[in-house]
Amino acid sequence: MSSTKSLIPPKLSVSGITGGAAAFAQLCDLYSKLPKGPLVESIPPTMPRLFGRYWYRYIRTSSPAPLLHIILGVGLMSYAIDYELHLKHHKNRPHH
Amino acid sequence: MLCILNNPLEQFEIIKLLGIDAPLLPLIELPLTNLGLYLLIVLGVVISGLVISFIPARIGRDNSWLVTLESIYGFLVNLVDSQVAIAGHIYIPAIIALFSFILLCNLFGLIPYSYTVTAQFALTLGLSFTVLLGVTILGLQRHGVHFFSILVPAGTPLVLVPLLVVIEAISYLARAISLGVRLSANMISGHVLLKIISTFSWQFITGSILGVILGFLPVLFLTALYALELGVAILQAYVFVLLTASYLNDVLSLH
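Residues numbered from 1 in each chain as written. Chains lettered and ligands numbered in written order. Predicted model: local features only at pLDDT ≥ 70, side-chain atom pairs only at ≥ 80, totals over all residues. Heavy atoms only, no water.

(A) Representation of the overall build of chain A within the structure. From N to C terminus, chain A includes four helices and zero strands. Ordered by position from N to C terminus, the α and β elements of chain A give α-α-α-α. In chain A, which comprises 96 residues, the share counted as buried stands at 18%. Carbon and sulfur atoms make up 67% of the accessible area of chain A, which totals about 7,700 Å². (Helix = DSSP H or I, 4+ residues; strand = E, 2+ residues; numbered from the N terminus. Buried < 20%, exposed > 50% of the residue type's maximum accessible area, 1.4 Å probe, protein only. Areas by Shrake-Rupley, 256 points an atom, 1.4 Å probe, with all protein chains shown as cover.)

Listed below in structure tokens is the structure:
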């Protein structure tokens, strides 16, 4: 019998359970504290608010949008650098 | 009509953006150039991309990023398998790092107004010399003095050995130059062509009423050229790691 006992799921292990009614109450208490209903993914409270929103919307869903954001960001930054270093000097006049 | 033509090589200039003077160390300053800035961006994107790609899987969601990364990994494993005969798998991390770095540098260079770091010979030759130095050290460590048999092809008549050793030594060392120059030359030529065509397209479109009507033609051509450059950017990263794997195989199996 002992061999079949190990095969029967679930094999619950709660520390401090000695058996009987106390063990059952402890088990009920453990399960009553678990979240119920469908899985709700929320922004981790430790994250900064702006990054948390970004994480929730794009990273969590493995969206391809961050790729576009990087391209746009690098493009804007590059234009700003290029404008300051080259473009404003070439405005309406040829290169020297 | 005033024709404004910017120097197409101007885009490859290395410009100091920020600089820290170090008066305690004479004649030394620590500048941040546009080259350094884009290298830092590529480094940041590679590391954050790798870290972020694992997040959706950890919370039990579908993860298209990880699938993409695994596809690239599988592709590079196949490449190493086909090129390196003896125990090539331990070099896969190095090949992946090299491929992702070169690929992202090439692709970032295609963003309008950005800077192509792989168009700098200093960077690509630095990479290629490092690769050759690395595989040579590996070969010496693995085979000792016997490593120099790589300079004598099998079945060479004894009379020709001195001559062939010189030729093979030059050919072996030339790999470092060809590997770096190939990448830079491809990047420079592509970007110069894009710059010239786009400048002339703009002149054509804004020059006359005919240009406004037929302006879509140079734009179409420019789009096709841009797609070609996208292909070249991916292909050159692939060629670089393919040849690295091939050199690795040469020093490991000595032929």
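(B) Inspection of the packing of aromatic side chains at higher detail. Here the structure, examined in full by the defined rule, presents eight aromatic pairs over all chains. For the pair Tyr-79 of chain A and Tyr-113 of chain B, a centre-to-centre distance of 4.7 Å together with 80 degrees between the ring planes defines the contact as edge-to-face. A residue pair is termed interchain when its members come from two chains, as with Tyr-79 of chain A in helix H4 (residues 65–90) and Tyr-113 of chain B in the loop between helix H4 (92–109) and helix H5 (121–143). Looking at Tyr-79 of chain A, the relative accessible area reads 36%, which means it is partly exposed. When its relative accessible area of 44% is taken as the criterion, Tyr-113 of chain B is described as partly exposed. Ring centres of Phe-75 of chain B and Tyr-238 of chain B lie 5.5 Å apart, and the angle between their planes is 35 degrees; this geometry places the pair in the tilted category. Here Phe-75 of chain B, found in helix H3 (residues 64–83), pairs with Tyr-238 of chain B, found in helix H8 (residues 216–253); they are 163 residues apart in sequence, far enough to count as distant. Given the relative accessible area of 27%, Tyr-238 of chain B is considered partly exposed. (Phe/Tyr/Trp six-rings, centres within 6.5 Å; stacked < 30°, edge-to-face > 60°.)

(C) Expanded view of the pattern of salt bridges. Residue and element names in this part refer to chain B. By the definition in use, this model includes one salt bridge over all chains. With a closest N to O distance of 2.8 Å, Arg-175 and Asp-250 form a salt bridge. Residue Arg-175 is located in helix H6 (residues 161–207), and its partner Asp-250 is located in helix H8; the two are separated by 75 residues in the primary sequence. Across this residue pair, the class does not change: Arg-175 and Asp-250 are buried. (Salt bridge = Lys/Arg side-chain N within 4 Å of Asp/Glu carboxyl O.)

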